[in-house]
Amino acid sequence: MKKKNDGIAVLFVLPLFFGIFLFYYFPFFTTIKESFWSDVGFIGIYEYKKLFLSEAFRLSIRNMTFFSLTSIPLLFILALSTALSMRFLNLKKCKIVSVLFLLHLLPMLIPSAVITVVLKIFLETYGVLNGFLVEHGKESIDFLYSKYDIIILEGIYLWKNYGYCMIVLYGGINGVPEETIESAKLDGAGNFTILIHIILPQIRSFLLFVGSLGIVGVFKIFREEYLLFGKYPYDSVYMLQNFINNKLYAMDYGSLSAASLILILSFSVLIYFIFIKKGKENEE
């Protein structure tokens, strides 16, 4: 009877495994093949050499690295400071806390297309902001194709991601025993000392989770970036996904596959090290 039930269970699970293989593993292995083989046969690492000789590819890597190193720390600072402020307001029995939580989650619900349309209304050459500048005797600025693009993109990234990250950290901070904090205050510890030596060490797992969310957000920002700046944006916001997308349009499947594997590998390595760190902390 048990074997019969096991067989029925396998039948129900098979469609799931078939879907995972068809839509995930098969494209992945095909991508690997395309990066090492061409119509003439095995070409080794030729496509990877070609990538690193490409100025466009190197530019996309530099931009993604810069964007990650600037936006993720800002995400941590903004989410943590807001979480601490919300905790303070909650301790003061402020009735507006629930409304503030709702407002911080709203950016997650707004579609990328809506965000980009609103920004274009304000930032395009004949948009609201340039109309204001011209009216006051200033020259118009092409905000969507200038050095300001990276600031706009980081603003979108922070606005969309920090609300959920704040709620995650707020939950972690609320798990710190209030008695521990009060004891530290009685011993003369200041707010900064309590934050560094009591709160942060006890919410490390939450911080690591927020770090993984921040990395995922960096790779997902391409939706807004593409809708706002197009296929060929200003150099400061030309990302690896732009390079991959343009290679797809050019039907250069070798370079496309190699760049995609580098993107997958870099993402996987970052997440892997985050969860290794988390696993070691759990063991301790």
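Residues numbered from 1 in each chain as written. Predicted model: local features only at pLDDT ≥ 70, side-chain atom pairs only at ≥ 80, totals over all residues. Heavy atoms only, no water.

**Q** An account of the pattern of salt bridges is needed here, citing residue identities and associated values.
**A** When their charged atoms lie close together, side chains carrying opposite charge are able to pair. Throughout the structure, instances matching the rule amount to seven salt bridges. A salt bridge links glutamate 224 to lysine 160; the shortest N-O distance between them is 3.2 Å. Separated by 64 residues along the polypeptide, glutamate 224 in helix H11 (residues 222-229) and lysine 160 in helix H7 (residues 149-174) bring together distant segments of the chain. Residue classification places glutamate 224 among the buried positions, given a relative accessible area of 1%. Judged by relative accessible area, which is 15%, lysine 160 ranks as buried. It is possible to trace a salt-bridge network through shared partners that takes in Glu47, Lys50, Lys247 and Asp252. (Salt bridge = Lys/Arg side-chain N within 4 Å of Asp/Glu carboxyl O. Helix = DSSP H or I, 4+ residues; strand = E, 2+ residues; numbered from the N terminus. Buried < 20%, exposed > 50% of the residue type's maximum accessible area, 1.4 Å probe, protein only.)

**Q** Just give me the short version of the confidence of the model for the chain, but keep the residues and values in it.
**A** Within the chain, residue pLDDT values average 84, and 94% of them lie at 70 or more. Looking across the chain, the model is least confident in helix H13 (residues 253-283), with a mean pLDDT of 75, and most confident in H7, with 91. (pLDDT = per-residue confidence, 0-100.)

**Q** Kindly report on the nonpolar core, identifying the contributing residues and their values.
**A** Counting 63 residues, the largest nonpolar core has Phe67, Tyr157 and Ile203 as the members making the most contacts within it. Looking at this core element by element, the count peaks at 13 residues for H7. Not counting residues within four places of it along the chain, the set of residues in contact with tyrosine 157 comprises Phe67, Ser71, Ile72, Leu75, Gly214, Gly217, Val218 and Ile221. (Core = buried A, V, L, I, M, F, W, Y, C linked by side-chain atoms within 4.5 Å. Contact = heavy atoms within 4.5 Å.)

**Q** Break down helix H9 (residues 191-202) for me, citing the residues and quoting the values.
**A** For H9, which comprises 12 residues, the first-to-last C-alpha distance of 15 Å matches the rise-based estimate of 16 Å (1.5 Å per residue) to within 8%. When H9 is considered as a whole, its buried residues turn out to be Ile194, Leu195, Ile198, Ile199 and Leu200. Contact partners of the buried residues in H9: helix H3 (55-91), H7, helix H8 (178-186) and helix H10 (204-220). (Expected span 1.5 Å × (residues − 1).)

**Q** Can you break down helix H5 (residues 112-123) residue by residue, with the values?
**A** In an α-helix, one turn spans 3.6 residues; hence positions three or four apart end up facing the same way. With 12 residues, H5 ought to run about 16 Å at 1.5 Å a step, and its terminal C-alpha atoms sit 16 Å apart, in line with that. Taken residue by residue, H5 has Ser112, Ile115, Thr116 and Leu123 as its buried positions. Projected onto a plane normal to the axis of H5, the buried residues spread over an arc of 90° and lie on a single side. Buried-residue contacts for H5 involve helix H6 (128-135), H7 and H11. (Arc of directions from axis to C-beta.)

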